[in-house]
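Spelled out from the first residue to the last, the chains are:
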Amino acid sequence: MYNFDTTYTKLNSKLFQLVNVPNIENPKVILFNSTLSKRLNITYSAKEPEKLLGSTSLKQPFAQAYAGHQFGYFTNLGDGRAMILGEHLNSQKERYDVQLKGSGKTKYSRGGDGLATESSMIREYLYSYVMKNLYIASSESLAVISTNQEVYREKVHDSAILIRVMKSHIRFGTFEYASQVLSKDEFQEFIDYVIGRHYSNITHETKKKYLNFFQKVIEKTIDMVVDWYRVGFVHGVMNTDNMSIVGETFDYGPCSFMNQYDRLATFSAIDTIKRYSFGNQKIILKWNLSVLGETLIPFFDDNISIARRVYEAELLKFDKIFDEKFSNMMKSKLGIIDFNDSNKLINYFLEFLEKNNLDYTNTFLELMYPNSFNESIYQSIEFKELRLAIKKVGLNLEMMKNNNPQRILRNYLVEEAIDEFENNKSLGKIKKLLEAVSSPYSQDDSLGKYQLAPPQYFDKMYQTHCNT
Ligand code: AMP
Ligand code: MG
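Small disclaimer: the values here were computed from a predicted structure and weren't measured. Just so you know, the residues in each chain are numbered from 1, in the order the chain's sequence is written. Chains carry letters and ligands carry numbers; both start at the beginning, A for chains and 1 for ligands, and go up in the order they are written. This being a predicted model, a pLDDT of at least 70 is required before a residue's local features are given, and a value of 80 or more before pairs of side-chain atoms are given or counted; all residues contribute to the totals for chains, interfaces and linings. The side-chain figures draw on all heavy atoms in the structure; neither hydrogens nor water molecules are used.

**Q** Give me helix 4 (residues 172-181): which residues, what numbers.
**A** Helix 4 sits mainly inside the fold: seven of its 10 residues count as buried. Within the span of helix 4, buried status applies to Phe172, Gly173, Thr174, Phe175, Glu176, Tyr177 and Ala178. Here's how the labels work: a residue is buried when its accessible area is under 20% of the maximum for its type, exposed when over 50%, partly exposed in between, all with a 1.4 Å probe on protein chains only. Only DSSP runs of H or I with at least four residues qualify as helices, and only runs of E with at least two residues qualify as strands; both kinds are numbered from the N terminus onward.

Here it is in structure tokens:
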């Protein structure tokens, strides 16, 4: 059962639109995350799609208004095909938004149909599942439910609703929107709500409170993006409306894990300038934080020029914080516990990967367990010398085991599994893939197939679509 206790609809009414639960005839559960359901004390089962879709919860769903910078350009947006059923409290009174994605039109739909294809919602389910299992802050997917409706994306597809669970769906873009449509006092009320809900340990001394909030968001989102670098994840559409205020990865559209290490790896077909490439994610995070921070400037100081300087000073600290966290993360991947001068070695190692088109995930595993992979480069003198140099200061196996996944979600396997589903509605490959990434850090020889990288040309040709 959902235990809704919704607070968002008590906020300024410009921030949302009240909507009705979708009226779906004969919905069917395609995928269901029973572990999540148990953890959140939602006692519904996969046999109760109507209940999962909120038909019996008698609460008031709503669509959220927000704006955002998409590929650098400001746009007014909002939940154009989603609604939040409510805020669910689990038995520890932890609060989670339960959102339906693909649930129909709202006033924010702009020309869209409000729907989502089954395959894109299955894709999101897969990616959120592996990210959570990799211990990366992420939205989670409770279920994919087919709706027996058709949806047109160049051709006809079946549509589905994803039930997405997050600490909240408040985004950087929600701040951009609220700062524009609300008065300063109203906006301050909204920020206070967000701080109370997500950053309640922040000091309440007024002037510092908002700066402290900004600092915490910077830290949380840096942690998130550094974690993406740890596992080779390319989000693909880091628009400010897809940046959660609590640093949870979400909106798994054109994302992919890269295979061969490549700072320019970009998979989204529409990202022709590689704005959201693997290597750019740091710079884009900083850019997105600068947009969020702009909205907060008036609360940093009553004197606007001092306030602006406070803001600028904060952004100036970004690189140092990021680089330190990044370096610590890389040290943990190389099993280096106590070696201060490791940056040169890390950079050399990454350059070696890039120069030789080596698989990012598997090369760390090869460092841990030599001769795991049948690649001639791993037998080369250069690699052996590099391994020895790392071994002198690192290769602590316990540390490496916790930071280097045995299995990521290989993009070519995702495509194979989804193709199979599209061709004959079989969930066989999808279920096997889910199983293979349910404990991605555990060694399991029987899952060796899921470790294999595709041929080098695959990533260069692979294109993902927001087509949704
Ligand atoms: P996304 O690319 O999923 O982050 O979506 C960007 C914006 O487009 C959000 O405001 C979505 O609600 C909206 N949107 C995406 N697809 C649709 C659709 N099929 N119908 C209506 N709105 C959509
Ligand atoms: Mg989005």
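That covers the picture; the talk isn't over yet.
**Q** Help me get a handle on the packing of helix 3 (residues 118-133) against helix 14 (residues 411-424), residues and values and all.
**A** Each axis is a line fitted through C-alpha atoms, and for a helix only the stretch in contact is used; angles between axes span 0 to 180 degrees, taken between their N-to-C directions. It is the contact of helix 3 with helix 14, at a shortest axis distance of 11 Å, that shows an interaxial angle of 145 degrees. Helix 3 and helix 14 meet at a crossing whose hand is right-handed. Touching Glu118, Ser119, Ile122, Arg123, Leu126 and Tyr127 of helix 3 are Asn411, Val414, Glu415, Ile418, Phe421 and Glu422, all from helix 14. Within the contact of helix 3 with helix 14, the residues separate by chemical class into six nonpolar, two polar and four charged. For a crossing to be left-handed, the near helix must be turned anticlockwise from the far one by less than a right angle; the clockwise case is right-handed. Should any heavy atoms of two residues lie within 4.5 Å, those residues are counted as being in contact. Under the scheme applied, nonpolar residues are Ala, Val, Leu, Ile, Met, Phe, Trp, Tyr, Cys and Pro; charged residues are Asp, Glu, Lys and Arg; polar residues are all the others, including Gly.

**Q** Outline the site of ligand 1, listing residues and values.
**A** With respect to spatial proximity, 17 residues lie near ligand 1, and among them Gly78, Gly80, Asp113, Gly114 and Asp251 are the closest. A 3.5 Å cut-off defines polar contacts: any pair of N or O atoms within that distance qualifies, except that in protein one atom must be a possible hydrogen donor and the other a possible acceptor, and neighbouring residues in sequence count only when both atoms are side-chain atoms. Interatomic distance of 2.6 Å between a backbone N/O atom of Gly78 and an oxygen atom of ligand 1. In this structure, an oxygen atom belonging to ligand 1 sits 3.1 Å away from a side-chain N or O atom of Asn242. In isolation ligand 1 has 490 Å² of accessible area, and contact with the protein removes 82% of it. Partitioned by chemical class, the residues of the shell around ligand 1 number three nonpolar, seven polar and seven charged. The cutoff for a nearby residue is simple: one of its non-hydrogen atoms must lie within 4 Å of the molecule or strand. In these tables, accessible area is a Shrake-Rupley quantity obtained with a 1.4 Å probe, and a residue counts as shielded only by the protein chains included in the view.

**Q** Outline the packing of aromatic side chains, listing residues and values.
**A** Pairing of aromatic rings covers Phe, Tyr and Trp, the last through its six-membered ring, and needs centres within 6.5 Å; plane angles under 30 degrees mean stacked, over 60 mean edge-to-face, and all others mean tilted. The final tally for this structure, using the stated rule, is 36 aromatic pairs. For the pair Tyr2 and Tyr44, a centre-to-centre distance of 5.2 Å together with 90 degrees between the ring planes defines the contact as edge-to-face. Taken as a pair, Tyr2 in the segment before strand 1 (16-18) and Tyr44 in the loop between helix 1 (34-39) and helix 2 (49-52) lie far apart in primary sequence, 42 residues in all. Accessibility expressed as a relative area gives 5% for Tyr2, which makes it buried. With centroids separated by 5.5 Å and ring planes inclined at 45 degrees, the aromatic side chains of Tyr210 and Phe299 adopt a geometry described as tilted. You can see Tyr210 sitting in helix 6 (residues 206-231) and its partner Phe299 sitting in the loop between helix 7 (281-296) and helix 8 (304-316), a full 89 residues away along the chain. What makes Phe299 buried here is its relative accessible area of 7%. Three or more aromatic residues joined by ring pairs form one cluster here, namely Tyr229, Tyr261, Phe278, Phe318, Phe322, Phe326, Phe349, Tyr360 and Phe364. Whether a charge sits over a ring comes down to the Lys NZ or Arg CZ being within 6 Å of the ring centre and within 35 degrees of the ring normal. One Lys or Arg, Arg275, reaches over the ring of Trp287 and ends 4.9 Å from the middle of that ring. Sitting above the plane of the Phe364 ring, Lys333 keeps its charged end 4.1 Å from the centroid.

**Q** Would you mind going over the layout of surface pockets in detail, with residue names and values included?
**A** Of the pockets and cavities examined, the second largest pocket occupies roughly 460 Å³. Around the second largest pocket sit 20 residues that line it, and Tyr261, Arg263, Phe326, Asn347 and Leu350 are the ones nearest its centre. If you tally residues by element for the lining of the second largest pocket, the top one is helix 10 (residues 343-355), at six residues. Residue classes in the lining of the second largest pocket are distributed as nine nonpolar, six polar and five charged. Here a cavity denotes a set of grid points, spaced 1 Å apart and computed over the protein atoms alone, in which a 1.4 Å probe fits but from which it cannot get out, and a pocket denotes an open set meeting protein on both sides within 12 Å along at least five of seven lines; residues with an atom within 4 Å of a point are reported as lining. Grid points are joined across faces, edges and corners, and a volume is the space filled by probe spheres set on the points.

**Q** Could you give me a rundown of the nonpolar core, with the residues and numbers involved?
**A** We define the nonpolar core as a collection of buried residues of types Ala, Val, Leu, Ile, Met, Phe, Trp, Tyr and Cys that are connected through side-chain atoms lying within 4.5 Å of one another. By size, the foremost hydrophobic cluster in this structure holds 146 residues, and its most contacted members are Tyr2, Phe175, Phe190, Phe213, Ile245, Phe257 and Leu289. Among the elements that line this core, the one with the most residues is helix 6, at 13 residues. Filtering out sequence-adjacent residues up to four positions away, Tyr2 remains in contact with Ile42, Tyr44, Lys51, Leu52, Gly54, Ser57, Leu85, His88, Val98, Leu142 and Ile163.

**Q** For the coordination of the magnesium ion (ligand 2), give the residues involved together with the corresponding values.
**A** Geometrically, a metal with four donors at the corners of a regular tetrahedron has ideal angles of 109.5 degrees, and one with six donors at the corners of a regular octahedron has ideal angles of 90 or 180 degrees. Ligation of the magnesium ion (ligand 2) by protein atoms is provided by Asn242 (OD1) and Asp251 (OD), these donors lying 2.0 to 2.2 Å from the ion. Across this residue pair, the class does not change: Asn242 and Asp251 are buried. The donor set covers N, O and S atoms within 2.8 Å of the metal, switching to 3.2 Å for Na, K and Ca, and it leaves out water, so a site may look short of donors.

**Q** Provide a residue-level description of the environment of Leu182, including the pertinent values.
**A** By the secondary structure assignment, Leu182 is in the loop between helix 4 and helix 5 (184-198). Note: C-alpha distance between Leu182 and Leu15 (167 residues apart in sequence) is 9.0 Å.

**Q** Summarise the side chain of Asp359; cite the residues concerned and give the values.
**A** Within the secondary structure, Asp359 is located in the loop between helix 10 and helix 11 (360-368). Classification of Asp359 as buried rests on a relative accessible area of 7%. Reaching out from Asp359, the side chain makes a polar contact with the backbone nitrogen of Asn362 at a distance of 2.8 Å. Setting aside chain neighbours within four positions, we find Asp359 in contact with Asn259, Gln260, Tyr378, Arg410 and Ala453.

**Q** Got a sec to walk through unusual backbone geometry? Specific residues and values, please.
**A** One non-glycine residue, Asn41, lies in positive phi territory at about 60 degrees. When you line up the elements, Asn41 lands in the loop between helix 1 and helix 2. A relative accessible area of 33% means that Asn41 is categorised as partly exposed. The phi dihedral of Tyr135 falls on the positive side, at around 65 degrees, and the residue is not glycine. The residue Tyr135 is located in the loop between helix 3 and strand 8 (140-153) in this model.

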